[in-house]
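Chain and residue survey
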Amino acid sequence: KISSENSVRADMYTDDVNFLSPGSDNLNWQTARQVFEYLELPLVIKYKIMNRKADLNINGGIITNLMIGNRVYIDNEGNEIYFGRTEKVREINYLGLVGIALEYPVTGNFNFTFEPRFRYYINSFDETGRINVHPFAIGIYTGLRYSFR
């Protein structure tokens, strides 16, 4: 059995960057915090490979991330000050995903799910192409799933 899964969610990624800035008498270390927010639009197809008391599925698909937030903050002696935005970052990113899902019926249309998943950025964050970085994530997703049957 092949079925598809579609959902929308917002993700936020943060990163701290340390750099030297000129002070009055010497160089001072500063910390900048980059905050990227994305609206995630997944298109996932699952294929049921085992249909017993618990179902086993192989999942795969593509995710489109639309940037909805891009902010940089500077730490100034414990106070965060808005500094601006990170330039030349892609507004749209694409990810591939693959996973194996175990679904166990709890009651009626509710299933408990346990899913190890691998996600890989197909394109780089940098829109200039000078920095070729393709982040990936390995995670375990769990929860209750409701099926409309």
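Here the residue numbers are simple positions, counted from 1 along each chain's written sequence. Only residues with pLDDT of at least 70 are given local features in this predicted model, and only at 80 or more are side-chain atom pairs given and counted; all residues enter the totals for whole chains, interfaces and linings. With hydrogens and water set aside, each side-chain value is computed from the structure's full complement of heavy atoms.

Where helices and strands are cited, they refer to DSSP runs of H or I of at least four residues and of E of at least two residues respectively, numbered from the N terminus. On a plain count of helices and strands, the chain comes out with 0 helices and 8 strands. What you see in the chain, going N to C, is helices and strands ordered as β-β-β-β-β-β-β-β. Looking at the chain as a whole, 30% of its 149 residues are labelled buried. In this analysis, two residues are considered to be in contact whenever any of their non-hydrogen atoms come within 4.5 Å of each other. Within the chain, counting contacts between residues at least 6 apart in sequence, those at least 24 apart form 59% of the total. The Shrake-Rupley method, run with a 1.4 Å probe, gives the accessible areas here. Residue values count only the displayed protein chains as cover. With the model as given, the accessible surface of the chain reaches about 10,000 Å², and the carbon-plus-sulfur share is 58%. Think of it in three bands: residues with accessible area under 20% of the maximum for their type are buried, residues over 50% are exposed, and the middle band is partly exposed, with areas taken using a 1.4 Å probe on protein chains only.

Moving on, we get to the packing of aromatic side chains. Two aromatic rings from Phe, Tyr or Trp, using only the six-membered ring of Trp, form a pair when their centres are within 6.5 Å; if the ring planes differ by under 30 degrees the pair is stacked, by over 60 it is edge-to-face, and anything between is tilted. Following the criterion strictly, the structure yields 6 aromatic pairs and no others. Ring centres 4.9 Å apart and planes at 35° place the aromatic pair Tyr-121 and Phe-125 in the tilted group. By relative accessible area, Tyr-121 is classed as buried at 6%. Assessed through its relative accessible area of 23%, Phe-125 is described here as partly exposed. Ring-pair connections join several aromatic residues into one group, and the members of that group are Tyr-38, Tyr-121 and Phe-125. For the cation-ring pair, Arg-117 lies above Tyr-141, with the distance from its terminal atom to the ring centre recorded as 4.8 Å. Throughout this description, the term charge over a ring refers to an Arg CZ or Lys NZ atom that lies within 6 Å of the ring centre and within 35 degrees of the ring normal.

Another aspect to go through is the pairing of strand S6 (residues 92-107). By the bridge criterion, 12 bridges tie strand S4 (residues 55-76) to S6 in an arrangement that is antiparallel. Residue pairing across strands places Asn-65 opposite Asn-93, the latter belonging to S6. Direction of pairing for S6 relative to strand S7 (residues 110-121): antiparallel, over a ladder of 10 bridges. Across the sheet, residue Leu-95 finds its bridge partner in S7, namely Tyr-121. Pairs of strands are assigned from DSSP output, requiring at least two bridges between the strands. Hairpin geometry of S6 and S7 is characterised by an intervening segment of 2 residues between the two adjacent antiparallel strands and by a positive phi of about 55° at Gly-108.

You can see Thr-113 is positioned in strand S7. In this structure, the C-alpha to C-alpha distance between Thr-113 and Thr-142, residues 29 residues apart in sequence, is 5.2 Å.

Time to look at unusual backbone geometry. Phi is positive for Lys-88, which is not a glycine, with a value near 60°. Examined against the element boundaries, Lys-88 turns out to sit in the loop between strand S5 (79-84) and S6.

Take Leu-39: it is sitting in strand S3 (residues 27-51). Each C-alpha atom, one on Leu-39 and one on Thr-64, is 8.2 Å from the other, the two residues being 25 residues apart in sequence.

Quick look at the confidence of the model for the chain now. Summarising the model, the chain shows a mean pLDDT of 83, and 81% of its residues fall at 70 or more. In this model, residues 1-9 is a region of pLDDT below 50 whose contacts with residues beyond four sequence positions or in other chains number 31 contacts. Values of pLDDT, ranging from 0 to 100, describe the predictor's confidence in every residue of the model.

All right, on to the pairing of S4 then. Sheet topology note: the S4/S5 ladder contains 5 bridges and is antiparallel. Bridging from a neighbouring strand, Val-72 pairs with Gly-84 of S5. Turn length for the S4-S5 hairpin, with the two strands adjacent in sequence and antiparallel, is 2 residues, and the turn residue Glu-77 shows positive phi of about 50°.

The residue Ile-68 is located in strand S4 in this model. Filtering out sequence-adjacent residues up to four positions away, Ile-68 remains in contact with Glu-37, Tyr-38 and Leu-39.

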